[in-house]
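An overview of the molecular structure
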Amino acid sequence: MKNRLLSVVLSLFVAVLFPLMSWGQAKVDGTYHGRMEVINVKGKNHPPKDAVYYLQDGILSCDVPKVGKMPGKIRIEVPVTVHEDGSLSAEKGAVAGVMKMPMGIRIKLKLESFSEAKAVEGKLSFSLVVSGSFMGSHVPTEIHFVGAR
């Protein structure tokens with residue numbers, strides 16, 4: 001009898017809480033069109049650029065438009081946590097994407113910081129710093145994005 005009661009309680013718990021846990025994510029999932037207002041690569045500021053970021057199932061992603069004389073393509077893919085108030089967080093040191101260089105060279109990007117991040121009322125904004133190393137050269141890149149669905 002106790003096992004049956006425990007089973008019923010657990011079933012109700014799962015049926016009620018799982019949809020609530022994913023509800024916060026579903027509210028913010030989408031495609032955000034906007035502008036990378038701050039772009040700083042290796043200490044050099046670049047002009048703002050339009051960009052499209054996607055927030056889907058806890059992954060913030062973007063194919064970053066070409067910046068300056070960048071020889072490769074950058075794909076940002078940051079695992080994020082969406083909090084009940086719409087703020088976003090990410091773990092420092094997490095793999096945050098890849099830079100694809102000519103001749104098939106792939107440079108793994110690490111997340112240095114993720115701040116001022118929120119997805120509220122159809123708007124997404126954040127600041128992030130990622131970095132990668134290539135042939136002994138450390139390349140930090142800072143981006144501040146503001147956009148809307």
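These remarks concern the structure in this document.

Calculation criteria
Residues numbered from 1 in each chain as written. Predicted model: local features only at pLDDT ≥ 70, side-chain atom pairs only at ≥ 80, totals over all residues. Heavy atoms only, no water. Salt bridge = Lys/Arg side-chain N within 4 Å of Asp/Glu carboxyl O. Helix = DSSP H or I, 4+ residues; strand = E, 2+ residues; numbered from the N terminus. Core = buried A, V, L, I, M, F, W, Y, C linked by side-chain atoms within 4.5 Å. Buried < 20%, exposed > 50% of the residue type's maximum accessible area, 1.4 Å probe, protein only. Contact = heavy atoms within 4.5 Å.

Counted under the stated rule, the structure contains three salt bridges. For aspartate 50, the salt bridge identified is with arginine 35, shortest N-O distance 2.6 Å. With aspartate 50 in strand 3 (residues 49-56) and arginine 35 in strand 1 (residues 30-41), the pair connects residues that are 15 residues apart, well separated along the chain. Look at the salt bridges and you will find they share partners, linking Asp63, Arg75 and Glu77 into a network.

Membership of the largest hydrophobic core comes to 33 residues, with the highest contact counts inside it found for Tyr53, Leu60, Val64, Phe114, Leu124, Phe126 and Leu128. Counting residues per element, the ones that place at least two in this core are strand 1, strand 3, strand 4 (59-64), strand 5 (73-79), strand 8 (95-100), strand 9 (106-120), strand 10 (123-134) and strand 11 (137-148). Counting residues per element, this core draws most heavily on strand 9, which supplies six residues. Not counting chain neighbours up to four residues away, the residues in contact with leucine 128 comprise Ile76, Val78, Leu111, Ser113, Phe114, Thr141, Glu142 and Ile143.

It is worth spelling out the environment of threonine 31 at this point. Within the secondary structure, threonine 31 sits in strand 1. The partly exposed category is assigned to threonine 31, whose relative accessible area is 32%. Considered as a pair, threonine 31 and cysteine 62 are 31 residues apart in the sequence and their alpha carbons are 10.0 Å apart.

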